[in-house]
Amino acid sequence: MIAFVKGLLESVKEDCIVVENQGIGFEIFVPGSVVSSLPPVGTEVTIYTYTYVREDILQLYGFVTRDEMKMFKLLITVNGIGPKGALGILSVLDADTLRFAILAGDSKAIAKAPGIGAKTAGKLILELKDKCGIEDMLDSSEKDFAQSRSQGERSGVSVAQGEAVEALVALGYSASESTAAVRKTKITEDMTVEDILKQSLKNL
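Below, the structure is looked at part by part. Starting from 1, residues in each chain are numbered consecutively following that chain's sequence as written. pLDDT decides what is reported in this predicted model: residues at 70 or higher carry local features, side-chain atom pairs at 80 or more are listed and counted, and totals for whole chains, interfaces and linings draw on all residues regardless. Side-chain metrics rest on all non-hydrogen atoms present in the structure, leaving aside hydrogens and water.

**Brief notes about unusual backbone geometry**
Note: most peptide bonds trans; most residues except glycine with negative phi.
Here's step 1: The phi dihedral of Gln22 falls on the positive side, at around 50°, and the residue is not glycine.
Here's step 2: Of note, Gln22 is situated in the loop between β2 (16-21) and β3 (24-29).
Here's step 3: On the basis of relative accessibility, which here comes to 75%, the residue Gln22 falls in the exposed class.
Here's step 4: Even without being glycine, Glu55 reaches a positive phi, approximately 45°.
Here's step 5: Structurally, Glu55 can be placed in the loop between β4 (44-54) and β5 (57-63). Every helix listed is a DSSP run of H or I at least four residues long, and every strand listed is a run of E at least two residues long, numbered separately from the N terminus. The rule is simple: take the accessible area with a 1.4 Å probe, protein chains only, and divide by the maximum for that residue type; under 20% is buried, over 50% is exposed, in between is partly exposed.

Right under this line is the structure:
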């Protein structure tokens, strides 16, 4: 298993890159979001990789963050979604936005990915909803609150976030848009739902 490849970015194509390390060029398939975020060719990069082995196939799939790779691994556990389909989804939705869509049951957002229809998107949501928790979507400060809560309880911050999302949905915004807007808001423990809602509206 190759955990990551660190070396010089040798070339960039539409769906893959080549990273040279000690005279060896590693061809790594990547989502479009990775291609657009890469530094210039000739620059040193670190790409976190997943080694895909099937009969006569041996391929590397790469990501700039471990979180993206984690989501990729989850996606390919869904029956009917292979590495190519998973890359397509992550080219359209970043890891956090995908989690928002899964937890919100927003199959339309997921179905925007190439080769992913409404039926497959719905199946993906059904299979991964229990594997994507709110803690994965909280920033570092919010994670501290989440970690300090007693088992089986949500922190006041998390509860307020949920209520703010519900309020935005009631105003006509999609669940994914609402969740993303609330997450972008810097939240303190003393903020009310109304405070969070007002700040979140500025992010829409």
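**Some words on the sheet that holds β3**
Here's step 1: Note on pairing: two strands pair once DSSP finds at least 2 bridges between them. If you walk around this closed barrel you meet the five strands as β1-β2-β3-β5-β4, and the pairing is mixed. The mean angle between the axes of side-by-side strands here comes to 55°, regardless of whether they run parallel or antiparallel.
Here's step 2: Strand direction decides the pairing type here: strand β1 (residues 4-12) and β4, joined by five bridges, are antiparallel. Its bridge partner lying in β4, Leu8 is registered against Glu44.
Here's step 3: For this analysis, residues touch if any pair of their heavy atoms sits within 4.5 Å. Under this scheme, a helix contributes an axis fitted over its contacting stretch, all axes are lines through C-alpha atoms, and angles between N-to-C directions fall in the 0 to 180 degree range. Running over the sheet, helix α2 (residues 66-75) touches β4 and β5 and is turned about 15° from β4.
Here's step 4: On the sheet, helix α3 (residues 83-92) packs against β3, β4 and β5 and is oriented at approximately 15° with respect to β5.

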